[in-house]
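For reference, the chains in residue letters:
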Amino acid sequence: MFLRSQLRDGGRVPASVQPYFFLSYAHTPRFGAGGPDPDMWVERLFRDLCSHVMALTDLPAGAEAGFMDREIRSGEGWSERLGAALATCRVFVPLFSPRYFASEMCGKEWYAFAQRAIHQGALSNQPAEAIVPALWVPVPLSQLPGPAERLQFNHNTFGERYVTDGLYGLIKLRGYAEQYERAVYELAKRIVRVAETVRLEPVRPLDYRGVPSAFGPAGGPTPARSLHVTVAAASRHDLPDGRSPEYYGDNALDWNPYHPVAQRPIAYVAEDLVKNLNYQTSIGSFDDEAGHYDSKQPPTRPEILIVDRWVVEDEHRRQRLAAFDQESRPWVNVVVPWNRYDHQSRAKEIELARRLEETLPVKMGQGRAACRAAANGVANMETLGQILPQVVEAAAQQFLRHAQVYLPAGNTHTERPRLLGPMGMGGPPARPPVPFPPDTSGGHNDGNDSNDTDRGDADDSES
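A brief report on the enclosed structure follows. Everything numeric here is computed off the predicted structure, so don't read it as measured data. Here the residue numbering is sequential within each chain, running from 1 through the sequence in written order. Note on the predicted model: pLDDT of at least 70 is required for a residue's local features to be given, and 80 or more for side-chain atom pairs to be given and counted; whole-chain, interface and lining totals, by contrast, use all residues. Hydrogen atoms and water are omitted, and side-chain values are computed over all heavy atoms in the structure.

### Concerning the nonpolar core
To qualify as a nonpolar core, a set must consist of buried Ala, Val, Leu, Ile, Met, Phe, Trp, Tyr and Cys residues joined through side-chain atoms within 4.5 Å. Exposed residues in this analysis have more than 50% of their type's maximum accessible area, buried residues have under 20%, and partly exposed residues fall in between, with area computed by a 1.4 Å probe over protein chains only. In this structure, Phe 21, Trp 110 and Leu 167 are the most contacted members of the largest nonpolar core, which totals 124 residues. Throughout, a residue-residue contact means that at least one pair of heavy atoms, one from each residue, lies within 4.5 Å. Contact partners of Leu 167, with chain neighbours within four places excluded, come to Leu 45, Ala 134, Leu 135, Trp 136, Tyr 162, Tyr 180, Ala 183, Val 184 and Leu 187.

Have a look at this one:
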């Protein structure tokens, strides 16, 4: 409670409360009743890392060098201490293994920490990568989910045996004690180097109920899904009369609604947030893509349309948006960033909101509570990070309902057709798509969704 109150009130969290690194790993079940605890080897690694970090830094006596969650959880939640550690630690150390990427809990931990880096990168427009992976058991590159695959990390510097056998092999096999010590020491040095370079700021702990997995749907790692982000905004060269250019750039993708607090354009922040959900993401301008939609064709991917309310001041753009709204595309959800500290936007908020609702009546009212809340105005970068995952998954569910399906090759009697294309990664016939997780929108109730959670897709209306 002390930590939460400190963060809520804007105070600084004492360094002694912040673990230097967070060791994220998948618990291994015991083999047989009363057998040895297989996680004892992870605990040894944790102790060794803490010892090295203390020796390599000036952390005071009693400081928390590392954090490792020793409780086996079934997915019902995480402790306040675990959430606080993710919100304040300086480096996140995931122990790669096939079991790790099949764990929903590990995916949630990864997502929660990565959100901090994305948020800080948005505020500074500088990369804030503070994930230092370690190989517990080697995992083929083809089996890594998108967020892990995109990490720029060279494991070879930790030793040849480390790459081929992982830390588990070095710690278990006789004769590899020296290789183990070298790998752990090099890992500790990398943790310290990243911690001193990146300097992530503490944030408020996330509510577990609203945290998705960075590895995709529950049930194990899945191929990266595809999603497109479109931005409907002006450039600084064609703004309405009297509109300040400080929020805009040379094209729509440079629009930065949360300026001056945020330094990174909203399109690229949204791209990072969506990639953190194990999606392959593309971005584009509505000006460039308007007129290329064909409502008679099945969708090829779910989409998010990010709209600046000021576009309704341009009659040509307003008419194109209105025409877009009349096409039945429930797999496209709208997000409307809205900065009330922008005095021009605040002065015209009622008028611009009304005109946008008249322009996009279908899109503004479709979907679940989170989708409607996103369309009615997202006040800041933190709220965007909380609500966008729910909007993305709702769009993805609608895509799966409306996408074209194909019978597997050589089988004309299958009862369940299979999805091909971007969500199925193309190529040979894919396995049946895994259902997306239900909307668990904790804390985003707009007062009109008393039955929303139970309705599921039935609430994702097309009109």
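### A few points about the pairing of strand E5 (residues 225–232)
Counting from the N terminus, the helices are DSSP H or I runs at least four residues long and the strands are E runs at least two residues long. Among the 8 residues of E5, 8 are classified as buried, and the element is accordingly described as predominantly covered. The rule for pairing is simple: two strands pair if DSSP sees at least two bridges between them. Direction of pairing for E5 relative to strand E6 (residues 279–285): parallel, over a ladder of 7 bridges. Residue pairing for E6: Thr 230 is matched across the bridge by Gly 284. Call a crossover right-handed when, viewed with both strands pointing away from you, the route from the first strand across the helix to the second goes clockwise. At this point the chain moves from E5, through helix H9 (residues 266–275), to the parallel E6, and the crossover so formed is right-handed. Bridge count for E5 against strand E7 (residues 303–307) is 5 bridges, and the pairing is parallel. Across the sheet, residue Val 229 finds its bridge partner in E7, namely Ile 304.

### Points about the packing of helix H3 (residues 80–88) against helix H5 (residues 104–124)
Think of each axis as a best-fit line through the C-alpha atoms, taken over the contacting stretch in the case of a helix, with angles from 0 to 180 degrees between the N-to-C directions. Relative to each other, H3 and H5 sit at 40°, their axes nearing to 8 Å. Looking at the two axes, H3 sits oblique to H5. Crossing of H3 over H5 shows right-handed handedness. On H5, the residues touching Leu 82, Leu 86, Ala 87 and Thr 88 of H3 are Met 105, Glu 109, Ala 112, Phe 113 and Arg 116. For classification purposes, angles smaller than 35 degrees are called roughly parallel, those larger than 145 roughly antiparallel, those between 65 and 115 roughly perpendicular, and all remaining angles oblique. Crossing handedness: left-handed means the near helix sits turned counterclockwise from the far one by under a right angle, and right-handed means the same turn made clockwise.

### Digging into the packing of aromatic side chains
Note on aromatic pairs: the rings of Phe, Tyr and Trp (six-membered ring only in Trp) are paired at centre separations within 6.5 Å, and the planes decide the class, stacked below 30 degrees, edge-to-face beyond 60, tilted for the rest. Taken as a whole and assessed by the stated rule, the structure comprises 15 aromatic pairs. Note on Tyr 100 and Phe 101: the rings are 5.3 Å apart at their centroids and 90° apart in plane angle, and the pair reads as edge-to-face. For the residue pair Tyr 100 and Phe 101, the accessibility class agrees, reading buried in each case. Taken together, a centroid distance of 5.7 Å and an interplanar angle of 70° make the contact between Trp 110 and Phe 215 edge-to-face. Placement of the pair is Trp 110 in helix H5 and Phe 215 in the loop between helix H8 (177–198) and E5, with a sequence separation of 105 residues. Here Trp 110 and Phe 215 have matching classes, each one buried. Placement of a positive charge over a ring is assigned whenever Lys NZ or Arg CZ falls within 6 Å of the ring centre and within 35 degrees of the normal to the ring plane. Over the face of the ring belonging to Trp 338 we find Arg 309, whose NZ or CZ atom lies 4.4 Å from the ring centre.

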